[in-house]
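Below are the chains, spelled out letter by letter.
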Amino acid sequence: MKLATLGPAGTFSEVAAGLYQPEKNHDIQLLDSLVSCLDAVGQSCDAAVVPIENLTEGFVSPVVDYLVQRPLRIQAEIRIPVAFQCLSNSNHPKQIFAQFVAAGQCHQYLHKLALPIVHTASNSLSLDALRAAEGPSAAVVPKHLECPDNLQVLSHKIADNPHNETRFVVLSAASEEPVFDKGRGWKSSLLLIDDNDHPGLLVDSLQVFAKQQINLTSIVSRPAGSRFGDYHFFIEFDGHRSEPGVAFALKELAAMNNIHWLGSYPAAVIGNQ
């Protein structure tokens, strides 16, 4: 099975892809953008492993927006911790390399360090830039990357939130879903497409879940792109659509909305699927 995920080597995405059915030793293809990963599904790759939510940054909008145009199926979710370290070639660096998202997640440490920040396109490239630097420099690097012998660790923990993590989803073009097992927790995801807007539509939709005592884990509004005030809604909730309460709620929901079903899948715990 070929899995597309965001490269280059050493990314959190590559780590997440390696945690999906590791016993099957899937072929991981590293691509240069999220859209490239998603476009590859059903073409050059069987599935894509992409980030959909970060604990501090929130939802990854390009992924949610892509699913409106092409509703792929979620086969699994994977949660991994997001931790950073600061590596350096000197005790007194004069600049620091950092990917822009990583810089935002390590703002407090970088503010205290008070060095000019050189932004890079990825965390792996930050380490490459440090290795190639001729002058005294440092880099913000993921904790899972080992410190090369010719460098030193200035600080082992530099993230603002020590509990930060990212949730990834495995997206496939196949309609088959994981087999329901009552012995584990399940989640489901869908999109409400705003083509029948009227006062109270969202409230009516949410009440469908409340009546069946279904726990909503997230709801995200995204602009439809047609005019101001038109939105699509990405909704996640606990449960599997084969369960009677969920099945009844989905039937009621379909009567008042255009639904893009994204799948029922095992709920993840941190560090695995």
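Definitions and cut-offs
Residues numbered from 1 in each chain as written. Predicted model: local features only at pLDDT ≥ 70, side-chain atom pairs only at ≥ 80, totals over all residues. Heavy atoms only, no water. Pairing = 2+ DSSP bridges. Helix = DSSP H or I, 4+ residues; strand = E, 2+ residues; numbered from the N terminus. Axes fitted to C-alpha atoms, helices over the stretch in contact; angles between N-to-C directions. Contact = heavy atoms within 4.5 Å. Buried < 20%, exposed > 50% of the residue type's maximum accessible area, 1.4 Å probe, protein only. Arc of directions from axis to C-beta. Phe/Tyr/Trp six-rings, centres within 6.5 Å; stacked < 30°, edge-to-face > 60°.

Student: Please provide a residue-by-residue account of the sheet that holds strand E14 (residues 231-238), values included.
Tutor: One open sheet holds the four strands; their spatial order is E13-E14-E12-E15, and the pairing between them is antiparallel. Lying at the two open borders of the sheet, with one neighbouring strand each, are strand E13 (216-223) and strand E15 (258-266). Direction aside, the axes of adjacent strands within the sheet are offset by 15 degrees on average. As defined by bridge partners, strand E12 (residues 186-193) adjoins E15 across eight bridges and the pair is classed as antiparallel. By the bridge assignment, Ser189 is partnered in E15 with Gly263. Against the sheet, helix H8 (residues 244-256) contacts E12, E14 and E15, and its axis sits at roughly 160 degrees relative to E15.

Student: Account for the sheet that holds strand E10 (residues 152-155), naming residues and giving values.
Tutor: Taken in spatial order, the five strands of this open sheet run E8-E7-E9-E6-E10, and their pairing is mixed. The sheet is open, and its two borders are formed by strand E8 (117-120) and E10, each paired with just one other strand. Here the average twist between neighbouring strands, direction ignored, is 35 degrees.

Student: Break down the pairing of E14 for me, citing the residues and quoting the values.
Tutor: The buried fraction of E14 is high, at six of eight residues. Looking at chain direction, E13 and E14 are connected through seven bridges and run antiparallel. By the bridge assignment, Pro223 is partnered in E14 with Tyr231.

Student: Provide a residue-level description of helix H6 (residues 123-132), including the pertinent values.
Tutor: Within H6, burial applies to Asn123, Ser124, Ser126, Leu127 and Leu130. End-on view of H6: buried residues confined to an arc of 160 degrees, all on one side of the axis. On its buried face, H6 is in contact with helix H1 (12-19), strand E6 (84-88), strand E7 (95-99), helix H4 (100-105), E8 and strand E9 (137-142).

Student: Explain the packing of aromatic side chains to me, and be specific about the residues and the numbers.
Tutor: Two aromatic rings, taken as a pair, are described by how far apart their centres are and by the angle between their planes. Under the definition given, this model contains four aromatic pairs. Pairing Phe59 with Phe234 gives two aromatic rings, centres 5.6 Å apart and planes at 70 degrees, and the pair type is edge-to-face. A residue pair is termed long-range when its members are at least 10 positions apart, and Phe59 in strand E4 (residues 58-59) and Phe234 in strand E14 qualify at 175 residues. Overall, Phe59 belongs to the buried group, its relative accessible area being 19%. Ring plane angle 50 degrees and centroid distance 5.1 Å describe the contact between Phe209 and Phe237, whose orientation is recorded as tilted. Taken together, the positions of Phe209 in helix H7 (residues 201-211) and Phe237 in strand E14 put the pair 28 residues apart, joining distant regions of the chain. Overall, Phe209 belongs to the buried group, its relative accessible area being 1%.

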